[in-house]
Protein chains: 2
Amino acid sequence: MQEKHKVKCYIRKHTQEAVVLLRRLVQECSVSGSESRAQAIVIEKLREMGLDLDIWEPDIEELKEHPYFISAREHFQGSPNVVGILKGVGGGKSMIVNGHIDVVPEGDIRSWSIDPYGGEVKEGKLYGRGATDMKGGNVALLLAIEAIKNTGVTLKGDIYFQSVIEEESGGAGTLATILRGYRADGVIIPEPTNLKFFVKQQGSMWFRIKVKGKVAHGGTRYEGVSAIEKSMLVLKAIEQLERRRNEQIQDPLYDGIPIPIPINVGTIKGGTWPSSVADLVILEGRLGVAPNEKMEDAQAQLAKMLSQLQDEWLQVNPPELEWFGARWVPGTIEHNHPLVQTLITNYAEVTSLAPIIEAAPWGTDGGLFTQVSGIPMIVFGPGETKVAHYPDEYIDLEQIWIAAETIACALLDWCGVQESEGVYESEHIL
Amino acid sequence: MQEKHKVKCYIRKHTQEAVVLLRRLVQECSVSGSESRAQAIVIEKLREMGLDLDIWEPDIEELKEHPYFISAREHFQGSPNVVGILKGVGGGKSMIVNGHIDVVPEGDIRSWSIDPYGGEVKEGKLYGRGATDMKGGNVALLLAIEAIKNTGVTLKGDIYFQSVIEEESGGAGTLATILRGYRADGVIIPEPTNLKFFVKQQGSMWFRIKVKGKVAHGGTRYEGVSAIEKSMLVLKAIEQLERRRNEQIQDPLYDGIPIPIPINVGTIKGGTWPSSVADLVILEGRLGVAPNEKMEDAQAQLAKMLSQLQDEWLQVNPPELEWFGARWVPGTIEHNHPLVQTLITNYAEVTSLAPIIEAAPWGTDGGLFTQVSGIPMIVFGPGETKVAHYPDEYIDLEQIWIAAETIACALLDWCGVQESEGVYESEHIL
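Conventions we followed
- Residues numbered from 1 in each chain as written.
- Chains lettered and ligands numbered in written order.
- Predicted model: local features only at pLDDT ≥ 70, side-chain atom pairs only at ≥ 80, totals over all residues.
- Heavy atoms only, no water.
- Helix = DSSP H or I, 4+ residues; strand = E, 2+ residues; numbered from the N terminus.
- Rg over C-alpha atoms; globule rule 2.2 N^0.38 Å.
- Contact = heavy atoms within 4.5 Å.
- Areas by Shrake-Rupley, 256 points an atom, 1.4 Å probe, with all protein chains shown as cover.
- Lys, Arg positive; Asp, Glu negative; His and termini not counted.
- Charge placed at Lys NZ, Arg CZ, Asp CG, Glu CD.
- Domains from an automatic or database assignment.
- Buried area = accessible area lost by both parts, 1.4 Å probe.
- Expected span 1.5 Å × (residues − 1).
- Buried < 20%, exposed > 50% of the residue type's maximum accessible area, 1.4 Å probe, protein only.
- Arc of directions from axis to C-beta.
- Phe/Tyr/Trp six-rings, centres within 6.5 Å; stacked < 30°, edge-to-face > 60°.
- Least-squares fit on C-alpha atoms with pLDDT ≥ 70 in both.
- UniProt positions renumbered as here; feature names shortened; annotations may be inferred.
- Pairing = 2+ DSSP bridges.
- Axes fitted to C-alpha atoms, helices over the stretch in contact; angles between N-to-C directions.
- Salt bridge = Lys/Arg side-chain N within 4 Å of Asp/Glu carboxyl O.
- Polar contact = N/O pair within 3.5 Å; in protein donor to acceptor, adjacent residues only side chain to side chain.
- Nonpolar A, V, L, I, M, F, W, Y, C, P; charged D, E, K, R; others polar.
- pLDDT = per-residue confidence, 0-100.

Under the annotation held in an unreviewed UniProt entry, chain A carries the name Peptidase and is attributed to Ectobacillus antri.

(A) The overall build of chain A, seen in detail. The secondary structure content of chain A amounts to 12 helices and 18 strands. Computed over its C-alpha atoms, the radius of gyration of chain A comes to 23 Å, within 12% of the 22 Å expected for a compact globule of 430 residues. Taking the principal axes of its C-alpha atoms as reference, chain A extends roughly 85 × 40 × 40 Å. The contacts in chain A between residues at least 6 apart in sequence include a share of 83% that link residues at least 24 apart. A total of about 16100 Å² of accessible surface is found on chain A, and carbon and sulfur atoms cover 46% of it. Of the side chains in chain A, 41 bear a positive and 59 a negative charge, and the two mean positions are spaced by 3 Å.

(B) Structural view of the domain arrangement of chain A. Residue and element names in this part refer to chain A. For chain A, the assigned domains read domain 1 (2–201 + 330–429) and domain 2 (203–327). Computed from C-alpha atoms alone, the centre-to-centre distance between domain 1 and domain 2 is 34 Å. Of the residues lining the interface, 21 residues belong to domain 1; the matching set on domain 2 comes to 19 residues. A combined buried area of about 1400 Å² lies between domain 1 and domain 2, and 62% of that area is made up of carbon and sulfur atoms.

(C) Spatial organisation of helix α2 (residues 15–27) of chain B. All names here are of chain B. Here α2 is 13 residues long and its end C-alpha atoms lie 18 Å apart, about the 18 Å a rise of 1.5 Å per residue gives. Of the positions making up α2, those classed as buried are Thr15, Ala18, Val19, Leu21, Leu22, Leu25 and Val26. Summarising the axial view, the buried residues of α2 lie within an arc of 165°, below the 170-degree limit, and thus occupy one face.

(D) How the structure looks around the packing of aromatic side chains. Counted according to the given criterion, the structure contains 22 aromatic pairs over all chains. Judged by centre distance (6.2 Å) and plane angle (25°), the ring pair of Trp56(A) and Tyr182(A) falls under stacked. With Trp56(A) in strand β1 (residues 52–56) and Tyr182(A) in the loop between α6 (172–179) and β8 (187–189), the pair connects residues that are 126 residues apart, well separated along the chain. The residues Trp56(A) and Tyr182(A) share a single accessibility class, namely buried. On the numbers, 4.4 Å between centres and 5° between planes, the contact of Phe197(B) with Phe380(B) is stacked.

(E) Spatial organisation of the relation of the copies chain A and chain B. If you rotate chain A by 180° and push it 0.1 Å along the axis, it lands on chain B with an RMSD of 0.1 Å. What the rotation and shift describe, once combined, is the action of a two-fold rotation axis. Taking C-alpha positions as reference, the residue of chain A nearest the rotation axis is Lys269(A), located at 2.2 Å. The share of interface residues of chain A whose copies in chain B are also at the interface is 98%, consistent with both copies meeting through the same surface.

(F) Looking closely at the side chain of Ser275(A). As for its position among the elements, Ser275(A) is in the loop between β11 (263–270) and β12 (280–289). Residue classification places Ser275(A) among the buried residues on the basis of a relative accessible area of 3%.

(G) Representation of the UniProt feature "domain: Peptidase M20 dimerisation" (unreviewed entry) in chain A within the structure. Taking the UniProt record as the reference, the feature "domain: Peptidase M20 dimerisation" (unreviewed entry) is found at residues 200–312 of chain A. As a span, residues 200–312 of chain A carries 31% helix and 27% strand, and end to end its C-alpha atoms are 41 Å apart.

(H) Structural detail: the sheet that holds strand β4 (residues 121–122) of chain B. All names here are of chain B. Strands sit in the order β4-β5-β17 across an open sheet of 3 strands; the sheet is antiparallel. Single-partner strands in this sheet number two, and they are β4 and β17 (394–396). Summarising the sheet, strand β5 (residues 125–127) and β17 pair through 3 bridges and their orientation is antiparallel. Residue pairing in the sheet places lysine 125 in a bridge with aspartate 396 of β17. Contacts from helix α5 (residues 131–150) reach β5 and β17, with the element oriented near 45° to β17.

(I) Fine view of the interface of chain A and chain B. Of the residues lining the interface, 58 residues belong to chain A; the matching set on chain B comes to 58 residues. For the pair chain A and chain B, the summed buried area comes to about 4900 Å², and 65% of that belongs to carbon and sulfur atoms. When the buried area of chain A at its contact with chain B is split by residue, Tyr222(A), Trp273(A) and Pro274(A) rank highest and sum to 14% of it. Run the count over chain A and chain B and you get 2 salt bridges. Its salt-bridge partner being Arg221(A), residue Glu242(B) comes within 2.7 Å of it at the nearest N-O pair. Across the chain A-chain B interface, the total number found is 17 residue pairs in polar contact (both at pLDDT 80 or more). Secondary-structure elements contributing two or more residues to the side of chain A that touches chain B are α7 (227–247), β11 and β12 of chain A. If you tally residues by element for the side of chain A that touches chain B, the top one is β11(A), at 8 residues. Classifying every residue of the side of chain A that touches chain B by side-chain character gives 27 nonpolar, 18 polar and 13 charged. Judged from the 3 bridges that link them, β11(A) and strand β11 (residues 263–270) of chain B form a sheet pairing that is antiparallel. Within β11(B), the position partnered with Ile268(A) by the bridge is Gly270(B).

(J) The confidence of the model for chain A, seen in detail. Residues of chain A with pLDDT of at least 70 account for 97%, and the chain-wide mean is 94. Every residue in residues 423–430 of chain A is under pLDDT 50, and counting partners more than four places away or in other chains gives 12 contacts.

(K) Focus on the pattern of salt bridges. Under the counting rule described, the total for this entry stands at 52 salt bridges over all chains. Between Glu35(A) and Arg73(A) there is a salt bridge whose closest N-O contact spans 3.1 Å. A residue pair is termed long-range when its members are at least 10 positions apart, and Glu35(A) in the loop between α2 (15–27) and α3 (36–49) and Arg73(A) in the loop between α4 (60–64) and β2 (81–86) qualify at 38 residues. The same class applies to Glu35(A) as to Arg73(A), namely buried. For Glu28(B), the salt bridge goes to Arg37(B), with nearest N and O atoms at 3.3 Å. Each of Arg208(A), Lys210(A), Glu284(A) and Glu322(A) takes part in one network of salt bridges that share partners.

(L) Region of the structure containing the sheet that holds strand β10 (residues 203–212) of chain A. The sheet built from 8 strands is open, its strands ordered β13(A)-β10(A)-β12(A)-β11(A)-β11(B)-β12(B)-β10(B)-β13(B) with antiparallel pairing. At either end of the open sheet lies a strand with only one pairing partner, and these are β13 (320–328) of chain A together with β13 (320–328) of chain B. Taken pair by pair, the neighbouring strands of this sheet meet at an average axis angle of 25°, ignoring direction. Of the strand pairs in this sheet, strand β10 (residues 203–212) of chain B and β13(B) are connected by 6 bridges, and their pairing is antiparallel. Paired with Met205(B) across the two strands is Arg327(B), which belongs to β13(B). Set on the sheet, helix α8 (residues 295–307) of chain A makes contact with β10, β12 and β13 of chain A; between it and β13(A) the angle comes to about 155°. Here helix α8 (residues 295–307) of chain B sits on the sheet in contact with β10, β12 (280–289) and β13 of chain B, set at roughly 155° to β13(B).

(M) Unusual backbone geometry, seen in detail. In this model, Asp133(A) is joined to Met134(A) through a cis peptide bond whose omega is -10°. Locating Met134(A) in the fold gives a position in helix α5 (residues 131–150). Backbone geometry at Leu195(A) places phi at a positive 65°, although glycine is not the residue there. Its location among the elements puts Leu195(A) in the loop between β8 and β9 (197–201). Exposure remark for Leu195(A): the relative accessible area of 6% places this residue in the buried category. Positive phi, normally seen in glycine, also occurs at Ser352(B), with a value near 60°. Assignment of secondary structure puts Ser352(B) in the loop between α10 (338–351) and β15 (357–360).

Here is the structure:
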């Protein structure tokens, strides 16, 4: 198809502008609550491209009525969702391409060897918080759509580009696009899969466990009960539950993954004074949910484990369990679904490499599309998972261009190309 | 001795005023840095009693040059030490009576069934933070001295009443009195011993341990190293070290005490995000030091343990150890020392009970007197250790009156009474 050649050429000729765009996006620290300046850059780009724009701050009251809504925030003022619409002429399938604009905090700054918000480029890699997760993926989408638009290709189906808030804390931004009425025949989410195709994805939920103790003076600590000591028992039991849950995962897609659905205790905090016995420890973590598992069933397993701890104190004073802050619904799509096939075929053409199909070790907003909207969804994008949420996060720029080419060509196939009546004006693409 | 009868009568007749004084002291939340309003009440009382006053804010630069100085504070402005001096006529032994005005924070307010700064009195007990540790002891001292002063007894030796700051975080207040030149032939510290006589006292030091991990996304947590998991190994090793150190304590005075020199890990804090692997956990605690042990030897044992942890990651990334915030020097006095004998004899007379001699399970400022000034020191006071640093801290008021009587009579014996030339004016004591 001649159009595929044109869009691929366009992408390769505009990588420098795309690097500048990615650097600007990385330089805006778009942690939850601070997304607006990064979204402004996205809006500016969509305007330049001439897409129809829909910009709105999600209404938390409306969201609260949905069972899959979860957020620690009190409002989303100053945190807009952005959708850019490339309308087709009709007669084709539509596609949502979705990326989140929020990033996780940079953590301990001393662990970084470079400025997390510098966007420095070294040896073909761009560094900074969000480079991989997932501003690189967003730039791949923008470049793909720009290539289609600026090479004069006319699509039959519509493309909805969504730049959403709040993925890192549970998907309120994507849920808001669904409540606003956005639907399509397929969804691509370019989270960092290292250009693999993730057809199953782990769900996850955040939990908070309060382990109680009994305060005492440190010098007579035997008169108290240390919540820190007791939380060690809880952590041990969580490890055992994780082992049991993962032993049940038999899917060959998970063969190479040491722990398909991890339980990660990410924070611990307890005690108020070095020489007092701590009477409270709070653990916060995320519970991985298998692609075919119900969220409620996974929740019940953790709750049951906490009620059966083999410790006299903990049986009388059971830890309190709370679900808070973030929740990602698991998702799954059949290998032979046309959406999967369209993407892997184009990937093979772009790269001359065999596509790798795997199960995602983490969740994305994709589960909301499959479970709430019933839309087939696949995760495929540039960048490596292993640098996401890490210090010195980076993205290999070449992967962005490959993702952009693959997605652009897949969009041509999926949405369908309207035969052009005019002559292709080559100067547009130079 | 007729004077003893007089001072005991005085004390019993003035308990109501003493309760009011104690309530006012408890109502001032004199945590570190906020001692000045509670000290103002002490100053007012000492002025009423007609004692010579010495009020000063310790000079942190001067203190910093002393090897036993430790404090997290940057200055002591607004945190005065107060000394009230009752000069004797000469020819007797002098005594320092020392109590700290600072209290530990109230902790989780929900654990309290009453206002921690209310000073409520119920069934012979006064409730609130600091009631036992150790504003009750301070009131016992003030009442004892007032009884001596107002009954017209003339002492030969001097009494130095010291109301010091910063005991709860390592004794900078008492160290400042020593640097200011205060010396005496003996020291009584009425910390809450439940009216037992503590002739040995545990020392202790605060430590901070930084356990390092390697950050990763929670969904692929096996790519990181959890500092929370590794801190469990450190906590386990601390338990083992505590066991080894306590097995070496053979002193029969410690027979009834489950852990003579506890190592208490009082706070834990680590991780920044529930779905990230924590790369840092900070533990803070207090290391108990045996009465006859050198501080440096105890420190070396903890450091050695941390360098020998049986874990591949921790051997390459050894936890960092830091000594900070507070330090109490251990102390010891012989059972047959005249100071001990004077106190226990008077206690037996006041109560008709056999005195109980024990080893303190905790440290006080007393170690500074014995190790820095070389002054014999004993800890004896009202209130139970087990409610110190707890919610619903209280003191049994009767214990305060017994302590005041015992200490007043001991002061008469220790300092010596000058025969009065005049006639005792009974209206003074009514």
